[in-house]
Amino acid sequence: DYLLAKFRKYVPLPQAEVLEIGIANGRCGVLLADRVAHYYGIDPVEEYVKMARINIPAGAKITYVVGRAEEIPFAQLFDIVLYAHSWHCIEDKEKALQEATRVLKPGGIVAILEPLATNQKWASPRLQPGSPEFDEQALERKRQSIVEGREAILRQTIFKIVEDEYDSRIGRDFYVLKKNI
């Protein structure tokens with residue numbers, strides 16, 4: 001509901017074509033696909049794409065393919081390009097934003113939902129202090145990549161930041177970007 005409320009401020013959802021960058025298990029697509037015209041997603045990890053495809057409900061308007069943010073494998077245009085907990089994982093953020101602008105319809109938005117670097121609850125046991133699998137260096141790398149991701153958003157010039165919401169209650173940052181004209 002959080003993302004849907006945000007999206008509705010900028011794009012009429014029933015007609016929206018959405019592209020998610022970094023789908024992992026496909027959870028966002030399953031939650032959002034019935035509210036939009038079609039939901040597309042990419043992930044560079046083939047195993048994630050296979051897993052996400054298995055989770056697609058029958059009849060859902062969802063298409064998942066292997067692909068990278070820096071080389072989006074679609075020629076069509078989208079109303080929303082969504083990075084849900086994936087922005088900090090992208091190697092070349094500038095190139096990723098150039099690709100997002102290439103596939104974004106006029107008036108479309110880029111939405112970036114990221115965890116806070118100060119987050120204390122992570123899905124991976126490798127990032128959970130006290131877990132037998134805890135890896136302090138991995139946690140520090142994760143936190144650093146989140147900080148660097150925020151800095152990249154703030155210094156980029158391709159898009160105008162129209163929303164920058166920090167919410168410590170849910171441990172998330174949320175950004176909405178629109179093309180600079």
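Being a predicted model, the structure only gives us computed values, none of them experimental. (Residues numbered from 1 in each chain as written. Predicted model: local features only at pLDDT ≥ 70, side-chain atom pairs only at ≥ 80, totals over all residues. Heavy atoms only, no water.)

Points about the overall build of the protein chain
Helix and strand counts for the protein chain come out as five helices and seven strands. Listing every helix and strand of the protein chain by position from the N terminus yields α-β-α-β-α-β-β-α-β-α-β-β. In summary, the protein chain has a C-alpha radius of gyration of 16 Å against a globular reference of 16 Å for 181 residues, a match within 12%. The buried share of the protein chain, reckoned over its 181 residues, is 46%. Excluding contacts between residues fewer than 6 apart, the proportion of contacts in the protein chain whose partners are at least 24 apart in sequence is 60%. Total accessible area computed for the protein chain in this model is approximately 9,600 Å², and 52% of it derives from carbon and sulfur atoms. (Helix = DSSP H or I, 4+ residues; strand = E, 2+ residues; numbered from the N terminus. Rg over C-alpha atoms; globule rule 2.2 N^0.38 Å. Buried < 20%, exposed > 50% of the residue type's maximum accessible area, 1.4 Å probe, protein only. Contact = heavy atoms within 4.5 Å. Areas by Shrake-Rupley, 256 points an atom, 1.4 Å probe, with all protein chains shown as cover.)

Concerning the sheet that holds strand β6 (residues 159-167)
With respect to topology, seven strands assemble into an open sheet ordered β3-β2-β1-β4-β5-β7-β6, the strand pairing being mixed. Whereas interior strands pair on both sides, the edge strands pair on one side only; in this sheet they are β3 (62-66) and β6. Geometrically, the sheet is characterised by an average inter-axis angle of 15 degrees between neighbouring strands, direction not taken into account. By the bridge criterion, five bridges tie strand β2 (residues 38-43) to β3 in an arrangement that is parallel. Residue Y40 lies in a different strand from β3, and its bridge partner there is T63. Packed onto the sheet, helix α4 (residues 93-103) meets β1 (17-21), β4 (78-84), β5 (104-115), β6 and β7 (172-179) and runs at close to 140 degrees relative to β5. (Pairing = 2+ DSSP bridges. Axes fitted to C-alpha atoms, helices over the stretch in contact; angles between N-to-C directions.)

Some words on the confidence of the model for the protein chain
In this model, the protein chain carries a mean pLDDT of 94, and residues with pLDDT of at least 70 account for 99%. Element-level pLDDT for the protein chain is lowest in helix α1 (residues 2-8), with a mean of 92, against a maximum mean of 98 in β1. (pLDDT = per-residue confidence, 0-100.)

Remarks on the pattern of salt bridges
The full count for this structure, using the stated rule, is twelve salt bridges. Here R35 and D34 are joined by a salt bridge, their closest N and O atoms 3.9 Å apart. Residue classification places D34 among the exposed residues on the basis of a relative accessible area of 59%. Salt bridges sharing common partners tie together K6, K9, E163 and E165. (Salt bridge = Lys/Arg side-chain N within 4 Å of Asp/Glu carboxyl O.)

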